Amino acid sequence: MAHSVAGRVVVVTGGSRGIGKGIARVFANAGAKVAILSRHRDEGAATAAALGHGAIAVAGDVTDEASLAAAFAEVARAFGGLDVLCSNAGIFPQAKIEEMSAADWDHVSNTNLKGTFLAVKTALPHLKRSDQPRIVLTSSITGPVTGYPGWTHYGATKAGQLGFMRTACIELAKYGITVNAVMPGNIRTEGLAELGPDYEAGMAASIPLGRIGEVEDIGHAALYFASKEAAYVTGQTIIVDGGQILPESLEALASA
Ligand code: NAP
């Protein structure tokens, strides 16, 4: 399977760190031409250099349509096209409803949900020219399946991405473009580390496989959706969470 993305051009939004970096690494190791898109080009360039395999970095903000269009054009010039969009950039600041401002809501929504739409829209002219075009979204278990205090806005955007996907995959099928989503559980990233050690320890204790996930765990799922072998799979999701959503209670885990 890995070889079917060899030579393919892949853009990973939010690829400079965290899950995006893991996705970028898995694709680069599989022989893809990887471009990392993030707001801070220096950080993206450092990640690209660490990945090797000719990976490059482009500057882009998923809330800004013009910057995305310029970034995808730059990738297409550098690599001769675009085959796979991994729309992964996202933020997860916490605020409970009573303390949340409309600006807080808009900030998360603009990045995670509108950012997904804008990335897909601006990548589209390039993807339409590919003979193996793929879109892979990074959603979450939080929102579509589970809830966590402080993340009403975040959960709404992650569920919203799946609503977007289910119509996008119908609209874009005529171009042979598939649209699928990975739904990570808790994955060890720089962003997750900012939530503190207590959060990580509490989460690990609630996961049947007994650990927080690694970024490559998400990368391997994304690689499947991007593969030649997944050509007939569209509008689908895969949960990669170590079984986290399954126990009915902590007691259910303890009694195993
Ligand atoms: P992270 O470590 O904080 O990394 C976020 C990445 O997104 C960075 O590369 C950042 O680079 C980029 N980014 C942020 N805002 C951007 C913008 N407006 N335009 C372009 N790039 C932007 O986050 P993460 O934990 O890897 O999360 C990545 C994705 O996975 C998110 O969609 C998140 O919802 C999802 N997810 C994460 C977990 C988890 O446990 N970590 C679980 C479920 C789902 P710049 O700051 O330079 O732009």
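Before reading on, note that the structure itself is shown above.
Attention here is on the structure that accompanies the text. Not measured: the values here are computed from a predicted model. (Residues numbered from 1 in each chain as written. Predicted model: local features only at pLDDT ≥ 70, side-chain atom pairs only at ≥ 80, totals over all residues. Heavy atoms only, no water.)

## Description of the packing of helix 1 (residues 18-29) against helix 8 (residues 215-226)
So, step 1. Remark: helix 1 packs on helix 8, axes separated minimally by 7 Å, with the N-to-C direction vectors making an angle of 55 degrees. Between helix 1 and helix 8, the angle falls in the class oblique. Crossing hand, helix 1 versus helix 8: right-handed. For the pair helix 1 and helix 8, contact is made by Gly18, Ile19, Gly22, Ile23, Arg25, Val26 and Phe27 and by Val215, Glu216, Ile218, Gly219, His220, Ala222, Leu223 and Ala226, respectively.
So, step 2. Tallied by class, residues from the contact of helix 1 with helix 8 come to 9 nonpolar, 4 polar and 2 charged. (Axes fitted to C-alpha atoms, helices over the stretch in contact; angles between N-to-C directions. Helix = DSSP H or I, 4+ residues; strand = E, 2+ residues; numbered from the N terminus. Parallel < 35°, antiparallel > 145°, perpendicular 65-115°, else oblique. Left-handed = near helix turned anticlockwise from the far one by under 90°. Contact = heavy atoms within 4.5 Å. Nonpolar A, V, L, I, M, F, W, Y, C, P; charged D, E, K, R; others polar.)

## Things to note about the sheet that holds strand 6 (residues 178-184)
So, step 1. With parallel pairing, the 7 strands of this open sheet are ordered in space as 3-2-1-4-5-6-7. The open sheet has two edge strands, strand 3 (56-59) and strand 7 (237-240), and neither has a second partner. Each strand axis lies, on average, 20 degrees off the axis of its neighbour in the sheet, ignoring direction.
So, step 2. Examined bridge by bridge, strand 6 and strand 7 share 4 bridges and lie parallel to one another. (Pairing = 2+ DSSP bridges.)

## Examining the nonpolar core
So, step 1. The biggest cluster of nonpolar side chains holds 31 residues, and the ones touching the most others in it are Phe72, Leu85, Ile135 and Val179.
So, step 2. Of all the secondary structure elements, the ones that give two or more residues to this core are strand 1 (9-13), strand 2 (33-38), helix 3 (65-79), helix 4 (102-127), strand 5 (134-138), helix 5 (152-172) and strand 6.
So, step 3. Considering each element in turn, this core owes the most residues, 6 residues, to helix 4.
So, step 4. Not counting residues up to four positions away in its chain, the partners in contact with leucine 85 are Val11, Thr13, Phe72, Ala119, Val120, Ala123, Leu127, Arg134, Ile135 and Val136.
So, step 5. In this structure, Phe27, Val136, Val182 and Ile218 belong to the second largest nonpolar core, which totals 29 residues. (Core = buried A, V, L, I, M, F, W, Y, C linked by side-chain atoms within 4.5 Å. Buried < 20%, exposed > 50% of the residue type's maximum accessible area, 1.4 Å probe, protein only.)

## Here's the deal with unusual backbone geometry
So, step 1. Its identity as a non-glycine residue notwithstanding, histidine 53 has a phi of 55 degrees, on the positive side.
So, step 2. Along the chain, histidine 53 turns up in the loop between helix 2 (41-51) and strand 3.

## Observations concerning the pattern of salt bridges
So, step 1. Under the defined criterion, the tally for this structure stands at 9 salt bridges.
So, step 2. The closest approach of N and O atoms between lysine 121 and glutamate 65, which form a salt bridge, is 3.5 Å. Placement of lysine 121 in helix 4 and of glutamate 65 in helix 3 is noted, with a sequence separation of 56 residues between them.
So, step 3. When its relative accessible area of 43% is taken as the criterion, lysine 121 is described as partly exposed.
So, step 4. Here arginine 188 makes a salt bridge to glutamate 214, at a shortest N to O gap of 3.5 Å. (Salt bridge = Lys/Arg side-chain N within 4 Å of Asp/Glu carboxyl O.)

## Some points on the packing of helix 3 against helix 4
So, step 1. For the pair helix 3 and helix 4, interaxial distance at closest approach is 9 Å and the crossing angle is 35 degrees. In this structure, helix 3 meets helix 4 at a crossing whose hand is right-handed. Note on element contacts: helix 4 touches helix 3 through Leu118, Ala119, Lys121, Thr122, Ala123 and His126, opposite Glu65, Leu68, Ala69, Phe72, Ala73 and Ala76.
So, step 2. Tallied by class, the residues present in the contact of helix 3 with helix 4 amount to 8 nonpolar, 2 polar and 2 charged.

## Observations concerning the packing of aromatic side chains
So, step 1. Scanning all chains against the criterion turns up 7 aromatic pairs.
So, step 2. With a centroid separation of 5.5 Å and an interplanar angle of 65 degrees, the aromatic rings of tyrosine 148 and tyrosine 199 are classed as edge-to-face. Of this pair, tyrosine 148 sits in the loop between strand 5 and helix 5 while tyrosine 199 sits in helix 7 (residues 197-205), placing them 51 residues apart in sequence.
So, step 3. Overall, the relative accessible area of 33% leaves tyrosine 148 in the partly exposed class.
So, step 4. Their ring planes at 80 degrees and their centres at 6.1 Å tell us that tryptophan 151 and tyrosine 199 sit as a pair that is edge-to-face. (Phe/Tyr/Trp six-rings, centres within 6.5 Å; stacked < 30°, edge-to-face > 60°.)

## Things to note about helix 4
So, step 1. Here helix 4 contains 26 residues, and its C-alpha end-to-end distance of 35 Å stays within 8% of the 38 Å for a straight helix at 1.5 Å per residue.
So, step 2. The largest bend in helix 4 comes to about 40 degrees, at glycine 115. (Expected span 1.5 Å × (residues − 1). Bend = angle between axes of the 7 residues up to and from the residue.)

Without other data, these values stay purely geometric and don't point to any function.
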